[in-house]
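A closer look at the structure
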Amino acid sequence: MMYSLTVFENLINKMWLGVPSQDKMEIRSCLPKLLLAHHKTLPYFIRNKLCKVIVDIGRQDWPMFYHDFFTNILQLIQSPLTTPLGLIMLKTTSEELACPREDLSVARKEELRKLLLDQVQTVLGLLTGILETVWDKHSVTAATPPPSPTSGESGDLLSNLLQSPSSAKLLNQPIPILDAESEYICSLALECLAHLFSWIPLSASITPSLLTTIFHFARFGCDIRARKMASVNGSSQNCVLGQERGRLGVLAMSCINELMSKNCVPMEFEEYLLRMFQQTFYLLQKITKDNNAHTVKSRLEELDESYIEKFTDFLRLFVSVHLRRIESYSQFPVVEFLTLLFKYTFHQPTHEGYFSCLDIWTLFLDYLTSKIKSRLGDKEAVLNRYEDALVLLLTEVLNRIQFRYNQAQLEELDDETLDDDQTEWQRYLRQSLEVVAKVMELLPTHAFSTLFPVLQDNLEVYLGLQQFIVTSGSGHRLNITAENDCRRLHCSLRDLSSLLQAVGRLAEYFTGDVFAARFSDALTVVERLVKVTLYGSQIKLYNIETAVPSVLKPDLIDVHAQSLAALQAYSHWLAQYCSEAHRQNTQQFVTLVSTTMDAITPLISTKVQDKLLLSACHLLVSLATTVRPVFLISIPAVQKVFNGITDASAQRLIDKAQVLVCRALSNILLLPWPNLPENEQQWPVRSINHASLISALSRDYRNLKPSAVTPQRKMPLDDTKVIIHQTLSVLEDIVENISGESTKSRQICYQSLQESVQVSLALFPAFIHQSDVTDEMLSFFLTLFRGLRVQMGVPFTEQIIQTFLNMFTREQLAESILHEGSTGCRVVEKFLKILQVVVQEPGQVFKPFLPSIIALCMEQVYPIIAERPSPDVKAELFELLFRTLHHNWRYFFRSTVLASVQRGVTEEQMEHEPQFSAIMQAFGQSFLQPDIHLFKQNLFYLETLNTKQKLYHKKIFRTTMLFQFVNVLLQVLVHKSHDLLQEEIGIAIYNMASVDFDGFFAAFLPEFLTSCDGVDANQKNVLGRNFKMDRDLPSFTQNVHRLVNDLRYYRLCNDSLPPGTVKL
């Protein structure tokens, strides 16, 4: 049976036009009869498939050849015996006809939508009737009088939220017990409503009585009594019943959320919305109703998980879409709503639920912040209104991240597995701290006075550990051994680590305009952080023996690392303090910086754990780069680091740390000191010191000879590679960090590097077949070209480019791209990136290289990669071609002032035409390939060239290429191969056609249609007629998409006709 239905489905969707009308009539009459006769006995999946096939016929033939299609559905719904079947048909109709998936002509799609919209009022009326009837039939109003409005269930807030007591009474009725049949019918009706609401506009058809009825059913989700009854009665059937009732609540909330998600609300519908919110908050109150926190949480645990999910979705839509609209209503109590949301948030039974609620608070805080920014005059009034709520929120979120208050929940969080580069615990902490930071932005003093005392408490414990340290035979030991004490210490250290992150996150709210006003608070924080970091480094907590090493040792290391990271977050504040202190020359600032250096120096050692070592290195980099105090170089601790790094016999740090320390030392010498005139910068001394630093760092590298690769070499190849890797990673990082700085800094940097650069160029040819080494060398050269090309000077730069062009022969390129896998491709990509920098250079210096660069692209690289499906190298090659055109337009189109004066219109002379045509052809070819990223990038490049250089208007493009490109883009739309880019392609076609609309409508379009296969002459005429001569962008692109859609539809129809059919 399933197979037969699939055959029918195929026949109707792909070949219906070719089926003789007699057969069509027979199919139209026998399938519904079959459905009516057997719908109760068929398995549900076959029954649903049969409904879908009948609806497919309706989609093709209603109302012309199948006029009773919709009336039949309405009759089925109205007849009690077939109501469920009618509802299934209705939902399928809504799914298949409102937004048809199969190919239909645009005209037919519009017709179907109009036909359905005409039926909406009738359908909604029927569905309201079904739901109301079931509710009234099972209501037990006579048996149990409703609780009086003054009873504990309602209360003041309720009368606030609900103006009319009648609706309060209604919503307080006990929830009826439904039989299975009624539940099934209601769930189908609610599913229908949810789908209808997804596409019908908000209008008067959605009546208050319908909304009230949906809310009645939404109460099923938060009715715990029904579930309890089910479980008390014990039978499995009752349990299922309880779940089913919960499902009705979920479906009703889906309907509400569909309405909520519509941003465009007509004036007449606003009152309905207000009523919806009031009714939903009644439900929210019901869910969170209790003064005892434990019972709220257990109530939420008893509710269906998906009901809670839907409810949270509702709250998010309310805050993100409608809050600004509703807040202005005087009768809407926003603060009470926040109280309910607060209860709901902090009693969520799952972590995911809690995260979703934090998102809602973030949206609310963003809304408040933007409201205050737009109405600065009312700032105090707005803040006063919400202050209590925000302080409560802040305190509770802070409690939630502390083991002291929330140990059971926090221990469930996974801190091992990475998901999206963060563990579950890190995500929990980060989202909580974002909320804290947003409250800090609105209420800085409150937030600070809430957070700092909590931090102090935990710091006391940490700073008090010193008294428990005893010296044992093997070193120092922490003399805390009782299990309970260890557990308490573990919790306190974890909390301290979180609070340090919180304090770091708030650093930005002490700088800028508020620096002076909040100076004393910030100074207190920074002094505490400096003290803590120094304490940790001095008593070497990271090397201490503990009773539970697997737990406490990582805790101690983490606190130490977090204190360094928190101090690093205040580097911008320190920089601002530095410029203030420069005027007053305060000793306090000098002490802060030198004490910080005393805390950092002992940690820059191979004996320290990586996590701690890297935190120290990052802090050192921030001091050298962001703060830049003049006296940094003269601090003994800094000199100690210098000596350690430049000492050849010293053990090298791990790569990442070595790079960071070298970056910091180089920056100390190269970056100009703030607030000092040029003549006080001591450049000569700093220059000598920098040269000796680089000289020490590159000592082994500069001793390498090009013969290092040959078989007679003295040193093993692997050792040579290690030296190259270690040296170049450090040098490249130093150059990258200096590239945006002043000319003087870059000059000194290049002077120090000069010899290493020359050695690199000499070594390059020797390592051309070692793609891993070539990759690192080209990375280094790319960074040099980006940062120091002016300092390298023209002759040497030319020498480098020439060397590369000579080395990358066609054979070498082929070897790299085709045989060396990803590393080989990376090498070629970096080489092309270097050329991108070269072709972008203004002025005439590198113009002589253009012909050989274009030749390399078009004659050597392009032929190798053109036919390869893999996207490697292509993106970089096309970017290079784009940059070549964009920055060297006059190489191809030379405009002379004289010519433009004489003719009044500039029609530039075309030069290097073959090269230009070849590049354009390559772009055209790329649109025929499946890679969507390349397609998008290249389309963007063409559009940019048109915006900036009027590419489409150039004579060569207009006369020989324009309509070829339009043709290719139209074919891409017809083949649906790059559907994600429909909009961009439509706009590009418009921009190309707008150069010559007359030519497009008169010549191109008829020609395009003539060349289309699979459609007959009459259909081509219809397609041509339907393409209106509109010249504005929205109408034109709409016409393009209509043409593409109908062309596909006609082809589908024609493919379905039996051979030899006579077409009229």
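A brief report on the enclosed structure follows.

Parameters and conventions
Residues numbered from 1 in each chain as written. Predicted model: local features only at pLDDT ≥ 70, side-chain atom pairs only at ≥ 80, totals over all residues. Heavy atoms only, no water. Helix = DSSP H or I, 4+ residues; strand = E, 2+ residues; numbered from the N terminus. Buried < 20%, exposed > 50% of the residue type's maximum accessible area, 1.4 Å probe, protein only. Contact = heavy atoms within 4.5 Å. Areas by Shrake-Rupley, 256 points an atom, 1.4 Å probe, with all protein chains shown as cover. Lys, Arg positive; Asp, Glu negative; His and termini not counted. Charge placed at Lys NZ, Arg CZ, Asp CG, Glu CD. Expected span 1.5 Å × (residues − 1). Axes fitted to C-alpha atoms, helices over the stretch in contact; angles between N-to-C directions. Parallel < 35°, antiparallel > 145°, perpendicular 65-115°, else oblique. Nonpolar A, V, L, I, M, F, W, Y, C, P; charged D, E, K, R; others polar. Disulfide = S-S within 2.5 Å. Left-handed = near helix turned anticlockwise from the far one by under 90°.

Let's shift gears to the overall build of the protein chain. If you tally the helices and strands in the protein chain, you get 49 helices and four strands. With respect to the principal axes defined by its C-alpha atoms, the protein chain has extents near 95 × 85 × 60 Å. Burial status across the protein chain gives 54% buried among its 1064 residues. Looking at the protein chain alone, contacts between residues at least 24 apart form 75% of all its contacts between residues at least 6 apart. Only carbon and sulfur atoms are counted for the fraction: they give 53% of the accessible area of the protein chain, which is about 47500 Å². One finds the centroid of the 99 positive side-chain charges in the protein chain at a distance of 2 Å from the centroid of its 114 negative side-chain charges.

An ideal rise of 1.5 Å per residue puts 26 Å on 18 residues; helix α27 (residues 610–627) measures up with 25 Å between its terminal C-alpha atoms. Burial analysis of α27 places 13 of its 18 residues in the buried class, which makes it a mostly covered element. Taken from the residues just after α27, R628 is the one with a positive phi, measuring 50 degrees.

A word on unusual backbone geometry. Omega for the peptide link from W62 to P63 comes to 0 degrees, which places this bond in the cis form. Counting through the fold element by element, P63 comes out in the loop between α3 (44–61) and α4 (69–78). In this structure, Q682 takes a positive phi of about 55 degrees despite not being glycine. Tracing the sequence through the fold places Q682 in the loop between α29 (655–670) and α30 (683–697). Residue class for Q682 comes out partly exposed when judged on its relative accessible area of 45%. Phi at H912 takes a positive value of approximately 50 degrees, unusual for a residue other than glycine.

Attention shifts here to the packing of helix α20 (residues 424–442) against helix α21 (residues 444–463). Axis separation between α20 and α21 bottoms out at 5 Å; the angle between their running directions is 130 degrees. On the basis of the axis angle, α20 is oblique to α21. Counting all contacts with α20, which are made through M440, E441 and L442, the residues of α21 involved are P444, A447 and F448. Class assignment for the residues of the contact of α20 with α21 results in five nonpolar, no polar and one charged.

The next thing to look at is the side chain of N257. Structurally, the position occupied by N257 is in helix α12 (residues 236–260). Since its relative accessible area comes to 8%, N257 is described here as buried. Discounting chain neighbours no more than four positions away, the residues touching N257 are K310, D313, F314 and L317.

Turning to the state of the cysteines, a few remarks are in order. Tallied over the full model, the rule gives zero disulfides. Its sulfur unpaired, C491 is 11 Å from the next cysteine sulfur, which belongs to C486. Between C617, a cysteine without a disulfide, and C662, which holds the nearest cysteine sulfur, the sulfur-to-sulfur distance is 9.6 Å. By relative accessible area, C617 is classed as buried at 0%.

In this section: the packing of α27 against α29. For the pair α27 and α29, the least separation of the axes is 8 Å and the interaxial angle reads 20 degrees. Classified by the interaxial angle, the pair formed by α27 and α29 is roughly parallel. Note on packing geometry: the crossing formed by α27 with α29 is left-handed. Contacts between α27 and α29 involve L613, L614, C617, H618, L620, V621, A624 and T625 from the former and K656, A657, L660, V661, R663, A664, N667 and I668 from the latter. A class-by-class count of the residues in the contact of α27 with α29 yields eleven nonpolar, three polar and two charged.

What follows concerns the environment of Q964. Along the chain, the position of Q964 falls in helix α45 (residues 962–975). Take Q964: its relative accessible area is 54%, and that puts it in the exposed class. Through-space distance from the C-alpha of Q964 to that of Q921 is 10.0 Å; in sequence the pair is 43 residues apart.

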